[in-house]
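Listed below, chain by chain, are the residues.
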Amino acid sequence: MTFLLRIYLAVALLLAAATAGAQSVRVDHAEAELVAAVDAIVPGQPLSVGLVIRHDPHWHTYWRIPGDSGLPTTIDWQLPAGFAAGPIEWPVPKRLPIGPLMNFGFEGELLLPVQLAVPADIAPGQTVQLKARADWLICKEVCIPGGADLQLALPVRASAAPSRYAGLFAGTRAQVPQPTTLEAASATIEDGRVRLVYRPASLVQQLEFFPIEEARIEPAAAQTLRADADGTALYLTAVQPVAAEFTRLKGVLVVNGGPAASDKGGWAGEIDLPLLAGVVPQMSASVPATVGVGGGAAAVTFWVALAGAFVGGLILNLMPCVFPVLSLKLLSLMQHQRTEDEARLPHASLRAHGGAFAAGVLLCFVLLAGLLIGLRAAGEQLGWGFQLQTPWVIAALTLLFFLIGLNLFGAFEFSFGGALASSGAAQRLQGDRLSGSFATGVLAVVVAAPCTAPFMGAALGYAVTQPAPIALAVFAMLGVGMATPYVALTSMPALLGRLPRPGVWMLRFKQVMAFPMFATCVWLLWVLSQQVGVDGVALVLGGLVLAALAAWAFGLSQAGARRWRWVALATAPLALYAVFAMTGPGAAPARGGLAKAGDAAGWQPWSRSAQEAQVAAGKPVFVDFTAAWCVTCQANKRLVLSSETVHAAFDRHGVTLMRADWTNRNDEITRELARFNRNGVPLYVLYDRGGATYVLPELLTERIVLDALGRL
Amino acid sequence: MLRRAFLATALFAAAPLPALAQPSPGQAAPAFTLTDLDGRKVSLAELKGKYVVLEWTNPSCPFVQKHYNSGNMQSLQRRYAAEGVQWIVINSTAASHPEYLKPAEQKEWLRKQGAAATIAALDADGTVGLAYAAKVTPHMYVIDPNGVLVYAGAIDDKRSANPADVKSANNFVVQAFAELRAGKPVTAPSTQAYGCTIKYGS
C-alpha cells in the first residue's frame, strides 16, 4: 500500500514538475487543486500560487465574509523553511440569496490566489513540495463541509515561464479589489441606517457593498443607490444592535457590475472610512428612486419608472388644463372625418396627424428634460416647478390661458400652431395642419406643467436624480404616455367613429371648455398675487383687458373687417407691456408667500433647524411641502389637512405643524426635497418623537393622515 | 371618479411600510405561540418567570450534527433544564423543503440523539424564526424571566462543522448564563451566528 502510494506520488511529482500543476482532488460536489501562475520557483522571487475550486453546477462556497450563513474557505499552508504565505486575495463575490437571507460566495471555477515569499538561498535544481490543507463549506440546498490535503511540486530554476494557469491568475487578479480612496467620500450612521456618499469620476448606475467585517452591515437588506446633492449615495442597513466597535465602514464597493463589466466602466475597490454619527434619511417604500442592487434589479427599477412615467403621461391627458386642448384637436379632426364625407381625411393623413402630435409632445418633454439636466449640471438647484416660481412665466401662462378661453368663446380663430409661432408664420401654419398637430403637442405639454399629476413628482424625482440618458428616457416616456390616446384614436379611425356625432353640441362643448381656462387664469393670478402683490396683479389684469380688445379686433379682421387689424396690432404690444411690466425677468419678486402660508392657523413656517429643534424637544413634526401653484397641494390642504378630524388628531398627538412654501425659489426647501429624492411638491413628511420619518403619499386622504398619526 | 379611485389605490400601495422587526438584546423578546411535537400549544407568555433558551435546529445540517454528535448540545440541554431553564428546540424548515421533517420524524431524531430539551416544536411557516431574525442552525437565543432577550447569536466561537472543535470553543450560551447567575450583564449579548441557512419557504 505504502509502496504503491510512493510510486503514485513519484509519478505525480514528475507530472507536476512538467506541468507546474498538481493532482486535483475530487470531494463532495467540487474538485480542488493547488496551482501556480508559473512553472518554476525562482529563488527570492514572490510566487503566485492558489487554490482552485471547481464547483458542480449550482453549488457554491463562501467569500471571506459569508453573509447570513456559511463559512469562508480557509487554506492552511505547510511550507518548507523560508517560505511564507500571504493572505487569500479574495476576488469580488456574488450575492447568493436564499429565501429571506443572503450569502456572499462563488460558483463555477474559482481561484483563490495567495502570494508566497520564496527564500533567496534556495538552491536551483531541486523540487519543492508546497502543501496545504484547504477547508470549505459547499452548499446548494444542503451544506457539506469539504476539505482536502493538497500539494504542488515545483522545480527551482533561475527563471520561470507562465504556466497553463497564468491566464486564470491574470483574470482573477483583475477581480481582486485593491484599497481605494474615493473622492469626497464619507460614511454616516443614524439609528442603524448607514449612508455612504462619494463623488464618482464617472456615471454610477449600480453600486454594491460587501462588508469585510462581520455583524456590521445586514447582508440581505436592500442597498439603495441615490444621487444626492453631495454625491452618489448608497444607503445600507446596519446589523441590530449596532456594534459599539462599528466605527469604520470597511468593505468592497462594486461599481457598475464590477471588474467583470470593465468594458462598461465596472470596477471594484476596497474602502475603509470612518463612520460618523449623522443624519441618514429613511429609505421609505414610498420613495420611488430606490435602485436595488445585484441581479439586474437596477434595470427592473428602471422599467418600473418607465411604466410609471407612461401611466403618468396618460393621466396628464385628463388634467383640466390639458383635456380641452386635446378635445379641441380631436374635434377638428372629427369634422374632417365626419361632416363632409367626400372631403374625408385619408387614414394615412390621420395617422400623420397623430404622429405629428406625438412628435410635438415628445420633443417638448425631451427639451424640458434637457433643460432641467443642463441647469442641474450648471449647479442650479431647480425643480420641476421651477417655471412656476418665476413670475413672468406665470404671467405669460395667464395670458395664454386667457387667449385660449377667448378663442374657445369664438372671439377670434387661430391655429394653435399660429399662436405659438410668430404672427408672420401664422397664415402658413393654418394651411399646414400637420405642423398644427405638432404645435398642439407642444402646447399640451406647456399647459400640463401646472398640473403635476400624482405620478409626476415621483417619476420626475427619479428621472432628475438619474444619469442623463435615463432621465431623458423617463421624460420621453411621459410624453409617450400623453400622446398614446391621441395616436390610438388617429391610427384607428374606427375608434374615432365611435365618438359622438358632430353637431351644435360641439360648439357648445367648445365654449364650455373656455371656463376651465378662465378658472386656471384665476388660480394663476392668485399665485401671481403671492409673488408680485396686488399692484402687480392689477397691472396684469389690465393687460388682459387690452389683450381681449386685441383678440376681439383680430377676430373682426379675420371676419373681413380688415381695418380692425390695426387696432389689434396697436393694442397687442400695450397688453404685453402691462402683463410683463411688473412680472418681467427684471422685476423683483415679493417674498411674501412663506410668511403668509405660515400664518394659517397652527402652522409654522418650516426651516430645517426649527424642525430639528422640535424633534429634539421630543415633539412629532408634520411638514407640508407645498406651493401656491401646485394644485394637488392645494387640494390636500383644503380637503384633508384643514379638516376638523385631521386637525383634532394633530392636536391630540401634540404634532407641531410646519409648512415649507416652495411658491418662490427656496434653496433650503429644494435641498430638503432632494433629501427625500423629490424634485417637486407636494411632499408630506411626519417625524415621530424618535426622529423616524414617514413619507406620506402625494394624494392625501383623512384615512392616510390618521393612520400615519396612529403610528406615533 | 374611477380615476380618483385608481390613484388612491396606487398611492395606498406606496404608503410607508414598517421595517421588519428585528429583536435586539435588551429589548422584549417577540411573543410567539408554537405547537410542540405532541400537539400542545406553547407560548412565550406562559413561560414568564423562567429563563428560556431558543435553539434553532435542522438535523440535516452538519453544524447541528457537530453539536449533537459530540454530545455538546444534549449536555447543555440537561444542564440548564436541571436549573429550571425552559429549553425550546425549534425547526423552521419549510414543509416544501427536502430537509423538512414531520413532527414524528423530528421527535424520533431528538429521541435517538438523547436530546433533553424541555420543549420541541416545528415552525414550518417560519413565523417565529423570522420574528427572531433567526438565520442559521444552530442559532441561539436566551430570554430572561422578565421576557427580555439577553443573548442572540452563535452557540460558540469555533466556526466549524468539526466536532473536535467543541472542546476548545468558548460557548456563548454558557458564558451568558454564568454572567446572568452572577448578576452581571452579558458581556457578549449578540454574536454572529454560524451554521447552515435556515430553509424558510419563499
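Residues numbered from 1 in each chain as written. Chains lettered and ligands numbered in written order. Predicted model: local features only at pLDDT ≥ 70, side-chain atom pairs only at ≥ 80, totals over all residues.

## Topic: the overall build of chain A
Now for step 1: A count of helical and extended segments in chain A gives 21 helices and 24 strands.
Now for step 2: The buried share of chain A, reckoned over its 712 residues, is 45%.
Now for step 3: Intrachain contacts of chain A at a sequence separation of at least 6 include 75% that bridge at least 24 residues. (Helix = DSSP H or I, 4+ residues; strand = E, 2+ residues; numbered from the N terminus. Buried ≥ 20, exposed ≤ 12 C-beta atoms within 10 Å, placed from the backbone. Contact = placed C-beta atoms within 7 Å.)

## Overview of the overall build of chain B
Now for step 1: Each helix and strand counted, chain B has six helices and nine strands in total.
Now for step 2: Burial statistics for chain B: of 202 residues in total, 42% are counted as buried.
Now for step 3: In chain B, of all internal contacts separated by at least 6 residues, the share reaching a separation of at least 24 is 74%.

## Description of helix H20 (residues 667-675) of chain A
All names here are of chain A.
Now for step 1: Regarding H20, the residues found buried are Ile669, Thr670, Glu672, Leu673 and Ala674.
Now for step 2: Against the buried residues of H20 lie strand S16 (224-228), helix H17 (608-616), strand S21 (621-626), strand S22 (656-661) and strand S23 (683-687).
Now for step 3: Looking one or two places after H20, you find asparagine 677, whose phi comes out positive at around 65 degrees.

## Quick look at the sheet that holds strand S1 (residues 25-27) of chain A
Residue and element names in this part refer to chain A.
Now for step 1: Spatial strand order, S1-S2-S3-S9-S6: five strands in an open sheet with antiparallel pairing. Edge positions in the open sheet fall to S1 and strand S6 (84-88), since each of these has one partner strand only. With strand direction ignored, the average angle separating the axes of adjacent strands in the sheet is 25 degrees.
Now for step 2: Two strands pair when backbone bridges link them, and strand S2 (residues 30-36) and strand S3 (residues 47-55) are joined in this way by seven bridges, in the antiparallel orientation. Pairing of valine 35 across the sheet is with glycine 50, part of S3. (Pairing = 2+ DSSP bridges. Axes fitted to C-alpha atoms, helices over the stretch in contact; angles between N-to-C directions.)

## What about unusual backbone geometry?
Now for step 1: Cis geometry is found at the peptide bond from threonine 137 of chain B to proline 138 of chain B, where omega equals -5 degrees.
Now for step 2: Topologically, proline 138 of chain B is positioned in the loop between strand S6 (136-137) and strand S7 (140-143).
Now for step 3: The backbone phi angle of aspartate 191 of chain A is positive, close to 55 degrees, even though this residue is not glycine.
Now for step 4: Following the sequence through the fold, aspartate 191 of chain A ends up in the loop between strand S13 (186-190) and strand S14 (193-198).
Now for step 5: A residue is classified by how many C-beta atoms lie within 10 Å of it, and aspartate 191 of chain A, with 15 of them, is partly exposed.

## Brief notes about the confidence of the model for chain A
Now for step 1: Per-residue confidence for chain A gives a mean pLDDT of 78; residues scoring 70 or more make up 76%.
Now for step 2: In this model, residues 12-21 of chain A is a region of pLDDT below 50 whose contacts with residues beyond four sequence positions or in other chains number 17 contacts. (pLDDT = per-residue confidence, 0-100.)

## Some points on helix H14 (residues 514-558) of chain A
Residues and elements named next belong to chain A.
Now for step 1: For H14, spanning 45 residues, the distance from its first C-alpha to its last is only 20 Å, which falls clearly below the expected 66 Å at 1.5 Å a residue.
Now for step 2: Along H14, the sharpest change in direction is near 125 degrees and occurs at valine 532.
Now for step 3: Just past H14, the residue glycine 560 takes up positive phi, approximately 120 degrees. (Expected span 1.5 Å × (residues − 1). Bend = angle between axes of the 7 residues up to and from the residue.)

## Remarks on the nonpolar core
Now for step 1: Of all hydrophobic cores here, the largest spans 123 residues; its most connected members are Ala36 of chain A together with Val53, Ile88, Tyr141, Val142 and Val173 of chain B.
Now for step 2: Counting residues per element, this core draws most heavily on strand S10 (residues 127-139) of chain A, at seven residues.
Now for step 3: Looking at this core, you find at least three residues from each of domain 1 (2-176) and domain 2 (179-280) of chain A.
Now for step 4: Counting residues in each nonpolar core, the second largest holds 66 residues, with Ile394, Ala553, Trp606 and Phe625 of chain A among its members. (Core = buried A, V, L, I, M, F, W, Y, C linked by C-beta atoms within 7 Å. Domains from an automatic or database assignment.)

## Focus on the pairing of S6 of chain A
Residues and elements named next belong to chain A.
Now for step 1: Little of S6 is tucked away, with zero of its five residues classed as buried.
Now for step 2: Pairing analysis gives three bridges linking S6 to strand S9 (residues 109-117), with the strands arranged antiparallel. By the bridge assignment for S9, alanine 85 is matched with leucine 116.

## What to know about the environment of tyrosine 100 of chain B
Residue and element names in this part refer to chain B.
Now for step 1: When you line up the elements, tyrosine 100 lands in the loop between strand S4 (86-91) and helix H4 (103-113).
Now for step 2: Distance in space between the C-alpha atoms of tyrosine 100 and asparagine 58 is 8.4 Å, their sequence separation being 42 residues.
Now for step 3: In contact with tyrosine 100, other than residues within four places in its own chain, are Thr93, Ala94, Ala95 and Ala124.

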